[in-house]
There are 2 protein chains.
Amino acid sequence: MTCNVELLSVGNELLLGNTVNTNASWIASQITPLGGVVTRITTVPDSLEEISKAVKEAIGRKPDFIITTGGIGPTFDDMTIKAVAKAFRLRLKLNEAALQMVREHYGRRFPNRKISLTPPRLKMATLPVGGLAVPNPVGTAPALHLNVGNTQIYCLPGVPKEAEAIFRESLSQTIRCKAGNKVFVEKWLKVQGVMESALSPVIDKVMSQWPGVYIKSHPRGAEGKGGPRIELHFSISASDSARAERTVLGAMADAIRLLRGYKARITPRR
Amino acid sequence: MTCNVELLSVGNELLLGNTVNTNASWIASQITPLGGVVTRITTVPDSLEEISKAVKEAIGRKPDFIITTGGIGPTFDDMTIKAVAKAFRLRLKLNEAALQMVREHYGRRFPNRKISLTPPRLKMATLPVGGLAVPNPVGTAPALHLNVGNTQIYCLPGVPKEAEAIFRESLSQTIRCKAGNKVFVEKWLKVQGVMESALSPVIDKVMSQWPGVYIKSHPRGAEGKGGPRIELHFSISASDSARAERTVLGAMADAIRLLRGYKARITPRR
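In this report, we go over the structure that sits alongside the text.

Cut-offs applied
- Residues numbered from 1 in each chain as written.
- Chains lettered and ligands numbered in written order.
- Predicted model: local features only at pLDDT ≥ 70, side-chain atom pairs only at ≥ 80, totals over all residues.
- Helix = DSSP H or I, 4+ residues; strand = E, 2+ residues; numbered from the N terminus.
- Buried ≥ 20, exposed ≤ 12 C-beta atoms within 10 Å, placed from the backbone.
- Contact = placed C-beta atoms within 7 Å.
- Pairing = 2+ DSSP bridges.
- Axes fitted to C-alpha atoms, helices over the stretch in contact; angles between N-to-C directions.
- Parallel < 35°, antiparallel > 145°, perpendicular 65-115°, else oblique.
- Left-handed = near helix turned anticlockwise from the far one by under 90°.
- Nonpolar A, V, L, I, M, F, W, Y, C, P; charged D, E, K, R; others polar.

Considering the overall build of chain A
Turning to step 1, where the next piece is worked out: For chain A, the helix and strand inventory stands at nine helices and 12 strands.
Turning to step 2, where the next piece is worked out: Reported as C-alpha extents along the three principal axes, the dimensions of chain A are approximately 75 × 40 × 35 Å.
Turning to step 3, where the next piece is worked out: Residue burial in chain A is summarised as follows: out of 270 residues, 48% are buried.
Turning to step 4, where the next piece is worked out: Considering only intrachain contacts with a sequence separation of at least 6, the fraction spanning at least 24 residues in chain A is 70%.

Looking at the sheet that holds strand S2 (residues 37–44) of chain A
Hydrogen bonds along the backbone pair up the strands of a sheet, which may run parallel or antiparallel.
Turning to step 1, where the next piece is worked out: Within the open sheet, the 12 strands sit side by side as S6(A)-S7(A)-S8(A)-S3(A)-S1(A)-S2(A)-S2(B)-S1(B)-S3(B)-S8(B)-S7(B)-S6(B). Their pairing is mixed. Each end of this open sheet is capped by a strand with a single partner; those strands are strand S6 (132–134) of chain A together with strand S6 (132–134) of chain B. On average, adjacent strands in this sheet sit at an angle of 20° to one another, irrespective of strand direction.
Turning to step 2, where the next piece is worked out: As defined by bridge partners, S6(A) adjoins strand S7 (residues 143–148) of chain A across three bridges and the pair is classed as antiparallel. For Ala133(A), the partnering residue across the bridge sits in S7(A) and is Leu144(A).

Observations regarding the packing of helix H2 (residues 22–31) of chain A against helix H7 (residues 160–179) of chain A
Residue and element names in this part refer to chain A.
Turning to step 1, where the next piece is worked out: Following both chains from N to C, one finds H2 and H7 inclined at 25°, their axes separated by 11 Å at the closest point. When the axes of H2 and H7 are compared, the pair comes out roughly parallel. Between H2 and H7 lies a crossing whose hand is right-handed. Each of Thr22, Asn23, Trp26, Ile27, Gln30 and Ile31 in H2 lies in contact with H7, whose residues at this interface are Pro160, Ala163, Glu164, Phe167, Ser172 and Ile175.
Turning to step 2, where the next piece is worked out: Looking at the contact of H2 with H7 residue by residue, the class counts come to seven nonpolar, four polar and one charged.

Observations concerning the interface of chain A and chain B
Turning to step 1, where the next piece is worked out: Contact residues are listed per partner, giving 37 residues for chain A and 36 residues for chain B.
Turning to step 2, where the next piece is worked out: Taken together, the elements giving at least two residues each to the side of chain A that touches chain B come down to helix H1 (12–16), H2, S2, helix H6 (119–123), helix H8 (196–209) and strand S10 (214–219) of chain A.
Turning to step 3, where the next piece is worked out: Element by element, the count of residues in the side of chain A that touches chain B is highest for S2(A), at six residues.
Turning to step 4, where the next piece is worked out: For the side of chain A that touches chain B, the residue count by class is 14 nonpolar, 16 polar and seven charged.
Turning to step 5, where the next piece is worked out: Across three bridges, the pairing between S2(A) and strand S2 (residues 37–44) of chain B is antiparallel. Pairing of Thr42(A) across the sheet is with Thr42(B), part of S2(B).

It is worth stressing that arrangement in space is one thing and function is another; only the former is reported here.
As structure tokens, then:
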């Protein structure tokens, strides 16, 4: 079974360079060990047109999941929900379950105040027809869950703490189920004293001997004593974790053996 | 004049969640003050097919620049250059200028050793016909510059230090020229004690009174004494910097005035 996931990050701040897209890397770092594969990450501005286009393009690639972050709050430029509705020509409607979540959130936070449901607050409870409200355990705006064809769309908030809480509570289990028994095993080796261009044939050789193992070299600097520092990332995606582990370790042992001829300093990276 | 830029980040590590995409945010943070606008950021894996598709899609949106990072090194999975060639059906050829750069790089780093030009090293000097080699002042692989229609494509390395050096040396001036006299002015206000949903009508009002000014609210936490903390980002893109500055300050003053009724604590953010 495969479980392909596309991430769509929404927010001008990401394109202005004010904010580093840690939401995308955090979500990806959660999906990988669950057996899912993030196939693409797209970042678009707070624009109805651009978000809507990007969602339609993503659906066209038929991933199992599309997870968006950002643009589901109360302000004028929070338009992800509206853009998703537009992409699939769905009507927006006040969602009773979402409204209840918004009400309860304000009730918990301000037990002694009456919080009136102004238009910006009602906006957070307005979802496309057919969409489900997903509880936000640490913020106001509920997330959206919508099925389109065989793709499950989840729209999460942009505030990292909220996106993370919703992912943990409502998404990780679903992704694990969809991925079936896939596991992802990865290990690192630090190699110092060999140029990346010299490592290249070693990588080719080990990969050809260990089908399924993917080796990627990451240059980490050429300065200093001891010569270039490179980290080698060994990974495999498989359904038997013990066998996957053995395979990666076997490939690493072969790489270490081949690298002996290079006078390299090799250490495992934790 | 407008100067739209698309960024294309290449690398499995970004999709596995091992690496945060700081290259994209760094480049975006440089482009914005130069007057350019980053319109989309796409991240794809080390796959010839996926990179090539993403480049073609980007060209279809007719940006002034496409800047890719990653995948131009010596190893088997460095395939950005090949993917760009494939996207536009260009033949790959050993580029004499690029070869000279690779040779000089090894000559500088290993003045007392003869470094043979193995296939992985020649690969870094192999560019699409019509492409230009761009010097890499701190690494081996030259960058690629290729014009396709009215779009200038630049392929930079994925190592941050190298991408940054090439951007500074060979790209920033080009982007500034293309952007003409556009400036981007931004300022921040910290607001504590008002919920984002209550701020929303204030933002709408100030934006309607100050055309061109964009105000975005960033929730920074609801816990602790003093109530929710929100940062307001005021920005404008214009051709007269003094006027842009005055306009943003005027919008900020109006927002501060309107927020007085809310018992908010307002401080500028440096």
